[in-house]
Amino acid sequence: MNESDVCCARMVRYVLDQVYGLIGHRPDQDLQRFAIAKVDSSSLSRAQQKAIKGIVDSLYGQTKSIEAATNLIDAAEFKGAFAHNCVNDLFRLAHLISQVTSDNDPRAILAIEADVRKELDRLLAETRRAIDPCLAGVPAVDHAVFTILLLSDFHWGAPGCESRWKTVKEPLFNGLQKTCHEGNPFDLVVFSGDLAFSGKWDEYDGQGQGQGGINGFLTDLWAQLTKNCRCNPPLVAVPGNHDLRRPSSPAEVELAESLKKYHKHGDVWEKIWNEKGSDHRALVSSAFEEYTRWQNYNLAYQIREKTLVEQYYQRGELPGDFSYRLKKDRNTLGIVGLNSSFLHTRKGNLEGQMAIENDQVQAVGAPDIRTWLKQNDANIVVTHHPVSWLHQDSQKTFCNDVCIPERVDVHLHGHLHVPEYRETAHQPGKSVKSVQGISLFGEESYFDHKKHMQVDRLHGYTVVEIKVMSYRNNLLRFRPRQITADGRDIPALNEIAVRERDGWTEWVEMKRG
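Criteria and thresholds
Residues numbered from 1 in each chain as written. Predicted model: local features only at pLDDT ≥ 70, side-chain atom pairs only at ≥ 80, totals over all residues. Heavy atoms only, no water. Helix = DSSP H or I, 4+ residues; strand = E, 2+ residues; numbered from the N terminus. Buried < 20%, exposed > 50% of the residue type's maximum accessible area, 1.4 Å probe, protein only. Contact = heavy atoms within 4.5 Å. Areas by Shrake-Rupley, 256 points an atom, 1.4 Å probe, with all protein chains shown as cover. Core = buried A, V, L, I, M, F, W, Y, C linked by side-chain atoms within 4.5 Å. Phe/Tyr/Trp six-rings, centres within 6.5 Å; stacked < 30°, edge-to-face > 60°. Lys NZ or Arg CZ within 6 Å of the ring centre and 35° of its normal. Arc of directions from axis to C-beta. Axes fitted to C-alpha atoms, helices over the stretch in contact; angles between N-to-C directions. Parallel < 35°, antiparallel > 145°, perpendicular 65-115°, else oblique. Left-handed = near helix turned anticlockwise from the far one by under 90°. Nonpolar A, V, L, I, M, F, W, Y, C, P; charged D, E, K, R; others polar. Pairing = 2+ DSSP bridges. Right-handed = clockwise from strand over helix to strand, strands pointing away. Lys, Arg positive; Asp, Glu negative; His and termini not counted. Salt bridge = Lys/Arg side-chain N within 4 Å of Asp/Glu carboxyl O.

Examining the overall build of the chain
Here is step 1: Along the chain, the regular secondary structure elements total 16 helices and 16 strands.
Here is step 2: Here the chain holds 513 residues, and 55% of them are scored as buried.
Here is step 3: For the chain, contacts bridging at least 24 residues in sequence account for 70% of all contacts bridging at least 6.
Here is step 4: Entry remark: accessible area of the chain is about 22,700 Å², with carbon and sulfur atoms responsible for 48%.

Overview of the nonpolar core
Here is step 1: Formed by 38 residues in total, the largest nonpolar core has its most connected members in Y262, V336, F342, F398 and V402.
Here is step 2: When contributions to this core are tallied by element, the ones reaching two or more residues are α10 (250-257), α11 (267-273), α12 (279-287), α14 (358-364), α15 (369-374) and α16 (392-402).
Here is step 3: Look past the residues within four positions of F398 in its chain and what remains in contact with it is I356, V381, T383, V387, L390, C403, H411 and V432.

Some words on the environment of A237
Here is step 1: Position of A237 relative to the elements: it lies in strand β3 (residues 235-237).
Here is step 2: For the pair A237 and H384, spaced 147 residues apart in sequence, the C-alpha to C-alpha distance is 9.3 Å.

Let's talk about the packing of aromatic side chains
Here is step 1: For the structure shown, the criterion picks out 14 aromatic pairs.
Here is step 2: Taken together, a centroid distance of 6.4 Å and an interplanar angle of 80° make the contact between W165 and F173 edge-to-face. Taken as a pair, W165 and F173 share a single burial class, namely buried.
Here is step 3: A cation sits over an aromatic face here: K327 above Y312, 5.4 Å from the ring centre.
Here is step 4: Positioned over the ring face of W504 is R477, at 4.0 Å from the centre of the ring.

Looking at α12
Since the α-helix advances by 3.6 residues per turn, residues separated by three or four positions end up pointing in the same direction.
Here is step 1: Among the residues of α12, those classed as buried are H280, R281, L283, V284 and A287. Each buried residue of α12 sits inside an arc of 155° when the element is viewed along its axis, so together they form one side.
Here is step 2: In this fold, the buried residues of α12 make contact with α10, α11 and α13 (289-304).

Here's the deal with unusual backbone geometry
Here is step 1: For the peptide bond that leads from A366 to P367, omega is 5°, which places it in the cis range.
Here is step 2: In this fold, P367 is placed in the loop between α14 and α15.
Here is step 3: The backbone of R230 sits at a positive phi, close to 60°, despite the residue not being glycine.
Here is step 4: Following the sequence through the fold, R230 ends up in the loop between α9 (213-228) and β3.
Here is step 5: The backbone of H417 sits at a positive phi, close to 75°, despite the residue not being glycine.
Here is step 6: With respect to the helices, strands and loops of the structure, H417 is situated in the loop between β8 (410-413) and β9 (420-427).
Here is step 7: The exposure class of H417 is buried, given its relative accessible area of 10%.

As for the packing of α9 against α13
Here is step 1: At their nearest, the axes of α9 and α13 sit 11 Å apart, and the two run at 25° to each other. When the axis of α9 is compared with that of α13, the two are roughly parallel. In this structure, α9 meets α13 at a crossing whose hand is right-handed. Contact residues: I214, N215 and L218 in α9; W294, Y297 and N298 in α13.
Here is step 2: Its residues assigned to classes, the contact of α9 with α13 shows four nonpolar, two polar and no charged.

Remarks on the pairing of β8
Here is step 1: Alternating residues of β8 divide into V410 and L412 and H411 and H413, and every residue in both groups is buried.
Here is step 2: Both strand β7 (residues 378-382) and β8 contribute to a ladder of three bridges, which runs parallel. By the bridge assignment, I380 is partnered in β8 with V410.
Here is step 3: Traced from β7 through α16 to β8, the parallel crossover comes out right-handed.

Regarding the pairing of strand β6 (residues 331-337)
Here is step 1: Counting buried residues along β6, seven of its seven residues qualify, which places the element largely inside the surrounding structure.
Here is step 2: What you see with β6 is no split at all: N331, L333, I335 and G337 on one side and T332, G334 and V336 on the other are buried throughout.
Here is step 3: Pairing analysis gives seven bridges linking strand β5 (residues 322-328) to β6, with the strands arranged antiparallel. Among the inter-strand pairings, S323 is bridged to a residue of β6, identified as V336.

Things to note about the packing of helix α7 (residues 161-182) against α9
In helix packing, the relevant descriptors are the interaxial angle and the interaxial distance, both defined with respect to the helix axes.
Here is step 1: The N-to-C vectors of α7 and α9 enclose an angle of 30°; their axes lie 10 Å apart at closest approach. Here α7 lies roughly parallel to α9, going by the angle between them. The hand of the α7/α9 crossing is right-handed. Contact with α7, carried on its side by W165, K169, L172, F173, N174, L176, Q177 and H181, involves F217, D220, L221, Q224 and N228 of α9 and no other residues of that element.
Here is step 2: Tallied by class, the residues present in the contact of α7 with α9 amount to six nonpolar, five polar and two charged.

Details of the side chain of R346
Here is step 1: With respect to the helices and strands, the residue R346 is situated in the loop between β6 and α14.
Here is step 2: Here R346 occupies a buried position and makes no salt bridge, while the nearest side chain of opposite charge, E257, is found at 4.8 Å.
Here is step 3: Apart from residues lying up to four places away in sequence, R346 is in contact with R246, A256, E257, L259 and K260.

Nothing here speaks to function; it is geometry throughout.
In structure tokens form, the structure reads like this:
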């Protein structure tokens, strides 16, 4: 088969998927418009696109003339006998469906479900036999799943954390074990910031040699994962606002206060990005000094233990910025991690004042971030803060230059301590899909600035799955879990609607170009 045949076969497979979805899942959903849009974005010729559109219309009982649709196929100039026969087979199936959908009601298809399924199964089997050998060199496999353990906001070092941790540790580890046994083992662990409480070294490595603090927790966690969860995944992390050391000297405090002028794009912005030896840039580096020390220790350990592949890890412009490629079978998951906390060197509620800059984005995806993202089968972006905490200028940078809807499947973050899924629209028809991780552990309550009151903190973890689809958009779902005060591992149903049967959200389709 030539390239044209493979392309056509992929489109046929896609249309079949749409019919399956129409019959088996949501017959009242408007899938036709989506299918037509998919055809428009393909690399088929205009004549071929027109033919496939005629077939799609037939599938939904909207082709006025079967003869006209036949003429479209004949004029499509498909190259290769397989492509022509495959399209005609599908057209015959469309003709069968159109005979019972004269009232333009897609639900009428249900009346001939058995016959349609039989024809679809036959055609699908023939399609796969023909195109699978041609896809041997294509780095994508249907239904490959990346399973990610999302941890966030540990706040180790907060007052009383050691005594409270003793009550949370066992149910947390038991819950992770149960989660792995019920589904897929973890391919990746993501820590979306606030590992520590105040950015001190003893919070990262309290007893030295990896035996205390964050390192002690990670040692215990990986012992659990390797022994009882059948996996040894790499760990990637970004810093949060609790992972930095706030300035103490008068000169540093004054320098930190000057960052209020950052978003005016004057001297402060210039000193951070265009004067790498400036006092402002030194302030940022020194604030994350202990986090960077921990990161270096952790990376060296993972490389030595062969948990993380060094050649796929690329450092970025600011402390904590990175990119990484995770290989699984023939699939690649791209991970971009960015420091969204570098302006948080002063105290206070800084919602709407955080920043992500294009210099950060390009540095982790050098020489071109869009090309880097395009080379992967799926991509995630990790920050500590949600999009809403970024300054309006940085929101545009984040949505247009890094969390690109056509390239990035999901944005993972923490900071607000409760599980949440949101879509942030920034252009007509385009939105950034974000999963907010539940707080892993820390203080029992926190002050909610919007509600102006103390709020009980949820503790737990989130499991995220991305299903890589070769012939259509990837799929996303996640499973937020809460560790209760009495040591139970339960779905976080009070914060986000999930299916009660297993605690997973429904699959969400990621629109990719």
